[in-house]
Amino acid sequence: MNKLISITLCLSFTPYLFASYLKKNISEENFIKIQHKHGKKAGMRVILWDKMLEKAKGRKTVRKLKLVNDFFNKIKYMSDKKVWKKEDYWASPFEFLGVGAGDSEDYAIAKYFALRILDIPDHKLKIAFVKLTQRGKTVEHMVLNYYHKPTSVPIILDYVNKKLALATKRKDLEPIYSFNIFGMSKMKNQLRKKMNNNYQNKFLMMKNYHFKI
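Residues numbered from 1 in each chain as written. Predicted model: local features only at pLDDT ≥ 70, side-chain atom pairs only at ≥ 80, totals over all residues. Heavy atoms only, no water.

(A) Structural context of the overall build of the protein. Assigned secondary structure in the protein consists of nine helices and eight strands. Each of the 213 residues in the protein was classed as buried or not, and the buried ones make up 44%. Considering only contacts within the protein whose residues lie at least 6 apart along the sequence, 55% involve residues at least 24 apart. For the protein, the accessible surface area stands at approximately 12,600 Å², while carbon and sulfur atoms represent 57% of it. (Helix = DSSP H or I, 4+ residues; strand = E, 2+ residues; numbered from the N terminus. Buried < 20%, exposed > 50% of the residue type's maximum accessible area, 1.4 Å probe, protein only. Contact = heavy atoms within 4.5 Å. Areas by Shrake-Rupley, 256 points an atom, 1.4 Å probe, with all protein chains shown as cover.)

Right, here's the structure in full:
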């Protein structure tokens, strides 16, 4: 009986404990905006995000990759049509945390910006557009790649296969191209022209507005 009372009291006071938490990676003004727009559960997700970042600071790179990957992989997958009522929408990390759902590019973008907060350099991170094959079905997909060196086999951060893995171990993925703020990977000229006016421009815009709520 006493145990039940303790649990009940803990659950009752949880929102107040979260509210009093001193956030390090988001302003109080933006935090209030997120709660106002998306609700108290969104605020709790942001606080958990903040706590994860604080835990990761000062850790070794692989540990940072794992903490960030594991955190965002707990958010549920949902198509842009269901979440945003659009065919294609690139959510900012705070929008992703706010609604608590998203599709492949939302995971990749949110992981990218979290790792940038943790001082992982831009040139070591690339958003990768790939083809994912599962049970005989192939779909378009996005992941985040981490390169220890420019010539290294990248480590893939993905929500489908939730564990960190070298690209050579992901036989279910076929790389098409990758990009970051410095440009795009080599590809056929026709495809490069199309993508330069699409995905990279979207990502550069997202870089400028990644705190959009």
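We are not done yet, so read on.
(B) Here's a closer look at helix α7 (residues 104-117). With 14 residues, α7 ought to run about 20 Å at 1.5 Å a step, and its terminal C-alpha atoms sit 21 Å apart, in line with that. Most of α7 is tucked away, with twelve of its 14 residues classed as buried. All buried positions along α7 are accounted for by Ser104, Glu105, Asp106, Tyr107, Ala108, Ile109, Ala110, Lys111, Tyr112, Phe113, Ala114 and Leu115. Taken from the residues just after α7, Asp119 is the one with a positive phi, measuring 70°. (Expected span 1.5 Å × (residues − 1).)

(C) A look at the packing of helix α4 (residues 61-72) against α7. Contact pair α4 / α7: the axes reach a minimum separation of 10 Å and the direction vectors enclose 140°. Regarding α4 and α7, the two cross each other, and that crossing is right-handed. Of the residues in α7, those in contact with Lys64, Leu65, Val68, Asn69 and Phe72 of α4 are Tyr107, Ala110, Lys111, Ala114 and Leu115. Of the residues belonging to the contact of α4 with α7, the class tally is seven nonpolar, one polar and two charged. (Axes fitted to C-alpha atoms, helices over the stretch in contact; angles between N-to-C directions. Left-handed = near helix turned anticlockwise from the far one by under 90°. Nonpolar A, V, L, I, M, F, W, Y, C, P; charged D, E, K, R; others polar.)

(D) Focus on the packing of aromatic side chains. Under the counting rule described, the total for this entry stands at eleven aromatic pairs. With a centroid separation of 5.0 Å and 70° between ring planes, the pair formed by Phe96 and Tyr107 is classed as edge-to-face. One end of the pair, Phe96, is in helix α6 (residues 93-99); the other, Tyr107, is in helix α7, with eleven residues separating them in the sequence. Each of the two residues, Phe96 as well as Tyr107, counts as buried. Judged by centre distance (4.9 Å) and plane angle (85°), the ring pair of Tyr112 and Phe113 falls under edge-to-face. Accessibility assignment for this pair places Tyr112 and Phe113 in one class, buried. Through a chain of ring-to-ring contacts, the aromatic side chains of Phe71, Phe72, Tyr77, Phe96, Tyr107 and Tyr159 assemble into a single cluster. Positioned over the ring face of Phe31 is Lys23, at 4.2 Å from the centre of the ring. (Phe/Tyr/Trp six-rings, centres within 6.5 Å; stacked < 30°, edge-to-face > 60°. Lys NZ or Arg CZ within 6 Å of the ring centre and 35° of its normal.)

(E) Geometry of the nonpolar core. Grouped together as the largest cluster of nonpolar side chains are 44 residues, with contacts concentrated most on Trp49, Met52, Phe72, Leu97, Leu115 and Leu144. Top element by residues in this core is α7. It accounts for eight residues. In this view, Leu144 contacts Ala108, Lys111, Tyr112, Leu115, Leu125, Lys126, Ile127, Ile155, Ile156 and Leu157; residues no more than four positions away in its chain are not counted. Of all hydrophobic cores here, the second largest spans six residues; its members include Ala128, Val130, Val143 and Ile156. (Core = buried A, V, L, I, M, F, W, Y, C linked by side-chain atoms within 4.5 Å.)

(F) Up close: the side chain of Ser178. Among the structural elements, Ser178 can be located in strand β7 (residues 173-180). Looking at Ser178, the relative accessible area reads 7%, which means it is buried. Not counting the four nearest positions on each side in its chain, Ser178 is found in contact with Lys126, Ile127, Ala128, Tyr147, Gly183, Met184 and Ser185.

(G) Structural context of the environment of Val153. Locating Val153 in the fold gives a position in the loop between β4 (137-146) and β5 (155-157). Judged by its relative accessible area of 42%, Val153 falls in the partly exposed class. Separated by 14 residues in sequence, Val153 and Ala167 have C-alpha atoms that sit 6.4 Å apart.

(H) Main features of the layout of surface pockets. Its volume calculated, the largest pocket comes out at about 440 Å³. Along its surface, the largest pocket is lined by 19 residues, and Tyr77, Asp103, Ser104, Glu105 and Glu140 are the ones closest to its centre. Elements with a minimum of two residues in the lining of the largest pocket: α5 (80-84), α7, β3 (125-134) and β4. If you tally residues by element for the lining of the largest pocket, the top one is β4, at four residues. Classifying every residue of the lining of the largest pocket gives nine nonpolar, three polar and seven charged. Of the voids in this model, the second largest pocket is the one considered here, and its volume is about 270 Å³. Around the second largest pocket, the lining comprises 17 residues; the ones closest to its centre are Ala128, Asn145, Tyr147, Pro154 and Pro175. Elements that contribute at least two residues to the lining of the second largest pocket include exactly β3, β4 and β7. Broken down by element, the lining of the second largest pocket gets its largest block of residues, five residues, from β7. Its residues assigned to classes, the lining of the second largest pocket comprises eleven nonpolar, three polar and three charged. (1 Å grid on protein atoms, 1.4 Å probe; cavity = no way out; pocket = protein on both sides within 12 Å on 5 of 7 lines; lining within 4 Å. Points joined across faces, edges and corners; volume = space filled by probe spheres on them.)

Purely spatial values, then, with no claim about function.
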